[in-house]
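Notes for the structure review
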Amino acid sequence: MSNPFLKQVFNKDKTFRPKRKFEPGTQRFELHKKAQASLNAGLDLKLAVQLPSDEELNDWVAVHVVDFFNRINLIYGTISDNCTEQSCPVMSGGPKYEYRWQDEQKYRKPTALSAPKYMNLLMDWIEVQINNEDIFPTNVGTPFPKNFLQVVKKILSRLFRVFVHVYIHHFDRITQMGSEAHVNTCYKHFFYFVKEFNLIDTKELEPLKEMTSRMCH
């Protein structure tokens, strides 16, 4: 396995790793395979994200959210050695954008944190959501909560911030590892998906606006 990106991804000592997989045999796993097949067939990403005529929107969104979480988790994991309290004392996307953390437990008010601390809290927070059967039911047919898309919008907006931080502060490391094509494809897939279903406010997308206009036509 000569690709340093893959070596990092499969290094079992890494903090960041895929947190949830779809169990073979479940209907959700079949849907996951369908989404993957479109990508593997080299289908245009804009078309690959579109809702198949025989699928429910919430099911399609749920599968993609879990998949994006796992992929973005791994991307951050590959550069996490370079994202430290010293190098990134503030979770930001360049000088114009700073992200503060807020949750229902310890940080009830938006709080400035270092990037690695923010990332740890973010990944743990998402993991709790996607492993909660009341929010992300495993089997197709189990009803989703009424606020499902609201929850998803918050998850995806926060995951977008990982892309912002990685692209603006750590892209040299991604390039050094020869992983930019992989990361760019993942970003394009994510961007087309959130645009297709209107899952992120346009103002959240501002920090990568110029890059996105070049990359996603």
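So, how was this worked out
- Residues numbered from 1 in each chain as written.
- Predicted model: local features only at pLDDT ≥ 70, side-chain atom pairs only at ≥ 80, totals over all residues.
- Heavy atoms only, no water.
- Axes fitted to C-alpha atoms, helices over the stretch in contact; angles between N-to-C directions.
- Helix = DSSP H or I, 4+ residues; strand = E, 2+ residues; numbered from the N terminus.
- Parallel < 35°, antiparallel > 145°, perpendicular 65-115°, else oblique.
- Left-handed = near helix turned anticlockwise from the far one by under 90°.
- Contact = heavy atoms within 4.5 Å.
- Nonpolar A, V, L, I, M, F, W, Y, C, P; charged D, E, K, R; others polar.
- UniProt positions renumbered as here; feature names shortened; annotations may be inferred.
- Buried < 20%, exposed > 50% of the residue type's maximum accessible area, 1.4 Å probe, protein only.
- Polar contact = N/O pair within 3.5 Å; in protein donor to acceptor, adjacent residues only side chain to side chain.
- 1 Å grid on protein atoms, 1.4 Å probe; cavity = no way out; pocket = protein on both sides within 12 Å on 5 of 7 lines; lining within 4 Å.
- Points joined across faces, edges and corners; volume = space filled by probe spheres on them.

**Focus on the packing of helix 4 (residues 57-79) against helix 5 (residues 115-130)**
Orientation of helix 4 relative to helix 5, taken along the N-to-C sense of each, is 155°, at an axis distance of 11 Å. When the axes of helix 4 and helix 5 are compared, the pair comes out roughly antiparallel. Helix-helix and strand crossings are classified by hand; for helix 4 and helix 5 the assignment is left-handed. On the side of helix 4, the interface is formed by Val-66, Phe-69, Ile-72, Asn-73 and Tyr-76, while helix 5 contributes Ala-115, Pro-116, Met-119, Met-123, Ile-126, Glu-127 and Ile-130. Split into classes, the residues belonging to the contact of helix 4 with helix 5 amount to 10 nonpolar, 1 polar and 1 charged.

**Things to note about unusual backbone geometry**
You will see that Asn-198, though not glycine, has its phi angle at about 55°, which is positive. Examined against the element boundaries, Asn-198 turns out to sit in the loop between helix 8 (180-196) and helix 9 (209-215).

**Regarding the UniProt feature "binding site: Zn(2+)" (unreviewed entry) in the chain**
Under the present numbering, the feature "binding site: Zn(2+)" (unreviewed entry) in UniProt falls on Cys-83, Cys-88, His-165 and His-170. Maximum C-alpha separation among the annotated residues is 10.1 Å over a sequence range of 88 residues, consistent with a single clustered spot. With respect to the helices and strands, the residue Cys-83 is situated in the loop between helix 4 and strand 1 (100-101). Excluding its chain neighbours within four sequence positions, the residues that come into contact with Cys-83 are Tyr-76, Cys-88, Ala-115, Pro-116, His-165 and His-170. For His-170, the location among the structural elements is in the loop between helix 6 (148-169) and helix 7 (171-176). Residue His-170 is classed as buried on the basis of its relative accessible area, which comes to 4%. Discounting chain neighbours no more than four positions away, the residues touching His-170 are Ile-79, Asn-82, Cys-83, Cys-88 and His-165. Only 3.1 Å separates the side chain of His-170 from the side chain of His-165, close enough to count as a polar contact.

**Focus: the layout of surface pockets**
Taken as a whole, the second largest pocket holds about 180 Å³ of empty space. Lining the second largest pocket are 13 residues, and of these Lys-153, Lys-154, Ser-157, Arg-161 and Glu-204 sit closest to its centre. Per-element tally for the lining of the second largest pocket: the top contributor is helix 6, with 5 residues. Broken down by class, the residue content of the lining of the second largest pocket amounts to 3 nonpolar, 2 polar and 8 charged.

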